[in-house]
Amino acid sequence: MFIGLTPELCAQAWEIVKPSIERAAAHGAIRGAVGDLVVMDPARPGTMLWAGSIGDTEDKTYGYAVAKAKVAERTGLDTSRVRMEAPHLYTAGDIVYPGGVVRHGMVVAFSGVEGEADEMIAEWFIATVRGLARLAFVSAHGPDATGTRYLGE
């Protein structure tokens, strides 16, 4: 049964994305395969839906990921865009590092590598969630879901 974005869907997407992070680190494209990812709940703004880690993380990387997600959620912009295009949206106490992404109603942030790579990883995660969700939706409701069906029935 498909019911939208869930912690289970996030966990599945994370298991798919983690090997890409490891591979990027092995190839020297990013500084390492370590960090924390957080997903905000689109149904309950200000609430975290799910979090995942890779490697030996520190408390501060999780805190940075949460802080990046909060800035992205509040502004509706990727944290790199806030920094470059809309710094007037910062408020006291906001983190200024990139890594928070807003796409298709989802807010995801990663912290642990470096800002631009953190943002890339957040985008990988969102793309994976969207792909898995599309596949699950079509499987549950067909490619031409019409009528008056409700999710979860």
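Everything quoted here is computed from the prediction, not taken from an experiment.

Relative to the elements of secondary structure, Ile3 occurs in the segment before helix H1 (7–26). Distance from Ile3 to Gly115, taken between C-alpha atoms, is 32 Å for residues 112 residues apart in sequence.

The topology assignment puts Thr128 in helix H4 (residues 115–141). Of the residues examined, Thr128 reaches a relative accessible area of 17% and is grouped as buried. From its side chain, Thr128 meets the backbone oxygen of Trp124 in a polar contact 2.8 Å long. With near-sequence residues (within four places) excluded, Thr128 lies in contact with Ala13, Ile16 and Val17.

Here we come to unusual backbone geometry. Phi at His104 is positive, roughly 50 degrees, even though this residue is not glycine. Accessibility expressed as a relative area gives 60% for His104, which makes it exposed.

Thresholds, definitions, all that
Every chain is numbered independently, its residues counted from 1 as its sequence is written. Only residues with pLDDT of at least 70 are given local features in this predicted model, and only at 80 or more are side-chain atom pairs given and counted; all residues enter the totals for whole chains, interfaces and linings. Side-chain figures throughout are based on the complete set of non-hydrogen atoms in the structure, without hydrogens or water. Secondary structure elements follow DSSP: runs of H or I of four or more residues count as helices, runs of E of two or more count as strands, with numbering from the N terminus. Each residue gets one of three labels from its accessible area relative to the maximum for its type: buried under 20%, exposed over 50%, partly exposed in between, using a 1.4 Å probe on protein chains only. Polar contacts, as counted here, are pairs of nitrogen or oxygen atoms within 3.5 Å of one another; within protein the pair requires one atom able to donate a hydrogen and one able to accept it, and residues that are adjacent in sequence qualify only if both atoms are side-chain atoms. Whether two residues are in contact is decided by their heavy atoms: any pair within 4.5 Å suffices.

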